[in-house]
Amino acid sequence: MPTPRPFEWPVFLAHMLFLLAAWTVFIKYLFPLAFAVSEGVPWTRYIYWDLWPLAHAWLGWALLARPGYTRALAIGMSVIEIIIVSLFAVFLSDPEWSIWRTNWFVNKTFVLSGFVLVLVAALRYPERF
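Below or above, wherever it landed, is the structure these notes cover. Per-chain numbering applies: the sequence of each chain, read as written, is numbered from 1 onward. Local features in this predicted model are restricted to residues of pLDDT 70 or higher, and side-chain atom pairs are both shown and tallied only at a pLDDT of 80 or more, whereas totals for entire chains, interfaces and linings draw on every residue. Water and hydrogen atoms play no part in the side-chain values, which are based on all heavy atoms of the structure.

Attention now moves to the pattern of salt bridges. Here, a salt bridge means any Lys or Arg side-chain nitrogen found within 4 Å of an Asp or Glu carboxyl oxygen. Taken as a whole, this structure holds three salt bridges when the rule is applied. The salt bridge involving E8 is made with R66; its shortest N-O contact spans 3.5 Å. Of this pair, E8 sits in the segment before α1 (9-39) while R66 sits in the loop between α2 (52-65) and α3 (70-85), and the two are 58 residues apart along the sequence. Each residue is assigned to one of three classes by its accessible area relative to the maximum for its type, calculated with a 1.4 Å probe on protein chains only: buried under 20%, partly exposed between the two thresholds, exposed over 50%. You can call E8 partly exposed: its relative accessible area is 25%. The closest approach of N and O atoms between D50 and K28, which form a salt bridge, is 2.0 Å. In this pair, D50 is assigned in the loop between α1 and α2 and K28 in helix α1, connecting sequence segments 22 residues apart. On the basis of relative accessibility, which here comes to 14%, the residue K28 falls in the buried class. Strands are runs of DSSP state E lasting at least two residues, helices are runs of H or I lasting at least four, and both sets are numbered from the N terminus onward.

Right, dumping it as structure tokens:
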């Protein structure tokens, strides 16, 4: 019977980041585009443009390819994302539960959870990064 491979945090986190990037593309771009088209308004009306899905995919790729900067990228991007996403505390002080703000909030909750995992793993297991 073959010996099971040890759990690899970078591989797990890379796949999580690819799923997060795909989820973000759906929530931030495809859903708003479909909604705008169904309302007959300009297709860009509800889209909030940014490049975070590409950044998440880049970090996912780095976790698999493991270039020399992987751990620094993981820690740096995690800290930046956690700081940015933590601003949703302002939202919670006076929430507006429209479909767009709810989408944003749900997405940010997943992003925050994911990047807390990335940061903890990068700090706890530096040799694996």
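Moving on from the coordinates now.
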